[in-house]
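Coordinate analysis (summary)
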Amino acid sequence: MTKIDTKSQATPRSLPLNQILAGDCIEVMNSLPEGSVDLIFADPPYNLQLKGELHRPDNSLVDAVDDHWDQFSSFASYDRFTRDWLAAARRLLKPDGAIWVIGSYHNIFRVGAELQNQGFWILNDVVWRKANPMPNFRGKRLTNAHETMIWASKSEAARYTFNYEALKSLNEGVQMRSDWVLPICTGGERLKDADGGKAHPTQKPEALLHRVLVGSTNPGDVVLDPFFGTGTTGAVAKMLGRDFIGIEREEAYREVAQKRLARVRKFDSEGIATTKAKRAEPRVPFGQVIERGMLRPGEELFSMNSRHKAKVRADGSLIGNDVKGSIHQVGAALEGAPSCNGWTYWHFRREGRMVPIDVLRQQIRAEMEADETGRRPN
Ligand SMILES: C[S@@+](CC[C@H](N)C(=O)[O-])C[C@H]1O[C@@H](n2cnc3c(N)ncnc32)[C@H](O)[C@@H]1O
């Protein structure tokens, strides 16, 4: 299959696409080709520093994240780890690539500082507000109801992918904001181990990854997750027709992720397509309408309700009721309005009908497009 690279930065054939790689993510990332990945989604250890067991009011034990992979001896050792994996991630990104890192108050500020130290350019911090957070059982602090995701491009100059229209469409036509209310992963989505317990303590919801990948990647892009866990990133990438690379150190999690990925099916191609930004239409000065002889100097234009009229002048300006200026300025002055779209306001008469001058602009644009594509306008 021929890959279409939307950012003119080719994806090397040697990449181990759609695989889970075993080992330490820093070593594995350093073994992969430089500048080869479009997006990195990272859910690193949070260094939660949990001390002692936590019980609910009914005395049942909370299944907290106390795993060995989340433990660091000090902030300094966590910072070293963050520095090293971020440097490896940065090396892997294409020049126009970007990274998302998710974390909590325990680690996200340290990660954010290191991102900036290394030259990443922070684009947004997104607050994932949990619709169903775990209560604060001790009642000594606020309920911890959100996590933070930092979205950063490789550099300030990077032409990173942002599917503005697709996210707006996902949000029912309203611009997507940086606070996302989504439930934590529960019910049927939560993967279970042989004893019916959680297969992984920090499995992220697919909805979160869906939004991230729809918003910041295109079909065929390569998405790498250095802390793959149960493979949430890979599962959503596969559904959406993106290629993934997962890295995970723990064999048990790799097995869970492998089984999960085997069950996942790619959505059909029409389903994967998303709303694209409208191509900006070329600017057409009103003067061109005169130069091309579509309207003659001295010809009269009329407002929609025929209350006002103005004459066309050879330089593309109008004069009406002693007011001179552009089609927009004269329209606004005659209406006593702060602004006016002259293209839709002014009309000319043809065969007894009033025709908006915008029709002439559309005709010029169609000719420009035909010149570009070599096609004849209809
Ligand atoms: C917070 S969890 C990620 C969970 C994942 N997002 C999911 O939805 O299942 C972090 C994962 O990183 C793995 N990990 C920690 N340090 C690692 C390292 N140095 N190299 C590779 N994997 C590592 C852990 O085993 C753990 O599964």
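Residues numbered from 1 in each chain as written. Predicted model: local features only at pLDDT ≥ 70, side-chain atom pairs only at ≥ 80, totals over all residues. Heavy atoms only, no water.

1. Description of the sheet that holds strand β4 (residues 121-130)
- Taken in spatial order, the 8 strands of this open sheet run β1-β8-β7-β2-β3-β5-β4-β6, and their pairing is mixed. Two strands bound the open sheet, and with one partner strand each, they are β1 (19-22) and β6 (179-182). Averaged over all adjacent pairs, the angle separating strand axes in this sheet is 20°, with direction ignored.
- The sheet contact formed by β4 and strand β5 (residues 146-153) spans 8 bridges and is antiparallel. Residue N124 lies in a different strand from β5, and its bridge partner there is W151.
- Relative to the sheet, helix α3 (residues 108-117) contacts β3 (93-103), β4 and β5, its axis offset from that of β3 by approximately 165°. (Pairing = 2+ DSSP bridges. Helix = DSSP H or I, 4+ residues; strand = E, 2+ residues; numbered from the N terminus. Axes fitted to C-alpha atoms, helices over the stretch in contact; angles between N-to-C directions. Contact = heavy atoms within 4.5 Å.)

2. Side note on the sheet that holds strand β9 (residues 300-303)
- Taken in spatial order, the 6 strands of this open sheet run β12-β11-β10-β9-β13-β14, and their pairing is antiparallel. Each edge of the open sheet carries a strand with a single partner, namely β12 (323-325) and β14 (353-356). Across the sheet, the mean angle from the axis of one strand to that of its neighbour is 35°, orientation sign disregarded.
- Judged from the 2 bridges that link them, β9 and strand β13 (residues 346-350) form a sheet pairing that is antiparallel. Bridge pairing links F302 to H347 in β13.
- Seen against the sheet, helix α10 (residues 327-335) touches β10 (309-312), β11 (318-320), β12 and β13 and runs at an angle of roughly 150° to β12.

3. Brief notes about the pattern of salt bridges
- Applying the stated criterion across every chain, the model contains 15 salt bridges.
- The salt bridge involving R83 is made with D84; its shortest N-O contact spans 3.4 Å.
- We classify R83 as partly exposed; its relative accessible area is 40%.
- Measuring nitrogen to oxygen at the nearest pair gives 2.7 Å for the salt bridge that ties E147 to K130. Here E147 is found in strand β5, whereas its partner K130 is found in strand β4, with 17 residues between them in sequence. The burial state of E147 is the same as that of K130; both residues are buried. (Salt bridge = Lys/Arg side-chain N within 4 Å of Asp/Glu carboxyl O. Buried < 20%, exposed > 50% of the residue type's maximum accessible area, 1.4 Å probe, protein only.)

4. Quick word on a nonpolar patch on the surface
- Residues Y160, F162 and Y164 make up a contiguous nonpolar surface patch of about 270 Å² in total accessible area.
- The topology assignment puts Y160 in the loop between β5 and α4 (164-170). (Patch = residues over 30% accessible without salt bridge, like charges linked within 9 Å, V, L, I, M, F, W, Y side chains within 5 Å. Areas by Shrake-Rupley, 256 points an atom, 1.4 Å probe, with all protein chains shown as cover.)

5. So, the site of the ligand
- Neighbouring residues of the ligand: 22 residues in total, closest D43, H200, T230, T232 and E248.
- A distance of 2.8 Å is found between a nitrogen atom of the ligand and a backbone nitrogen or oxygen belonging to C25.
- Separating an oxygen atom of the ligand from a side-chain N or O atom of H200 is a distance of 2.8 Å.
- If the ligand stood free it would expose 600 Å²; the protein chains cover 99% of that surface.
- Class assignment of the residues belonging to the shell around the ligand gives a composition of 9 nonpolar, 7 polar and 6 charged. (Near = heavy atom within 4 Å. Polar contact = N/O pair within 3.5 Å; in protein donor to acceptor, adjacent residues only side chain to side chain. Nonpolar A, V, L, I, M, F, W, Y, C, P; charged D, E, K, R; others polar.)

6. A word on the pairing of β6
- Here β6 shows one buried face, formed by W180 and L182, and one open face, formed by D179 and V181.
- Relative to β6, β4 is paired through 4 bridges, and the arrangement is parallel. Paired with R129 across the strands is V181, a residue of β6.

7. Re the packing of aromatic side chains
- This model, assessed by the stated rule, comprises 14 aromatic pairs.
- Here F72 and Y78 contribute two aromatic rings whose centre-to-centre distance is 5.0 Å and whose plane-to-plane angle is 90°, an arrangement assigned as edge-to-face.
- Classification of F72 as partly exposed rests on a relative accessible area of 22%.
- Note on Y78: relative accessible area 1%, which makes it buried.
- Where W100 meets W180, the ring centres are 5.9 Å apart and the plane angle is 45°; that geometry is what we call tilted. (Phe/Tyr/Trp six-rings, centres within 6.5 Å; stacked < 30°, edge-to-face > 60°.)

8. With respect to the environment of L115
- Residue position: L115 is located in helix α3.
- Under the relative-accessibility criterion, L115 is labelled buried at 0%.
- Sequence-wise, L115 and K259 are 144 residues apart; in three dimensions their C-alpha atoms are separated by 33 Å.
- Residues in contact with L115, not counting those within four places in the same chain, are L86, I99, V101, F120 and I150.

9. What about the domain arrangement of the chain?
- For the chain, the assigned domains are domain 1 (19-49 + 64-263) and domain 2 (286-373).
- The centre of domain 1, based on its C-alpha atoms, is set 53 Å off from the matching centre of domain 2. (Domains from an automatic or database assignment.)

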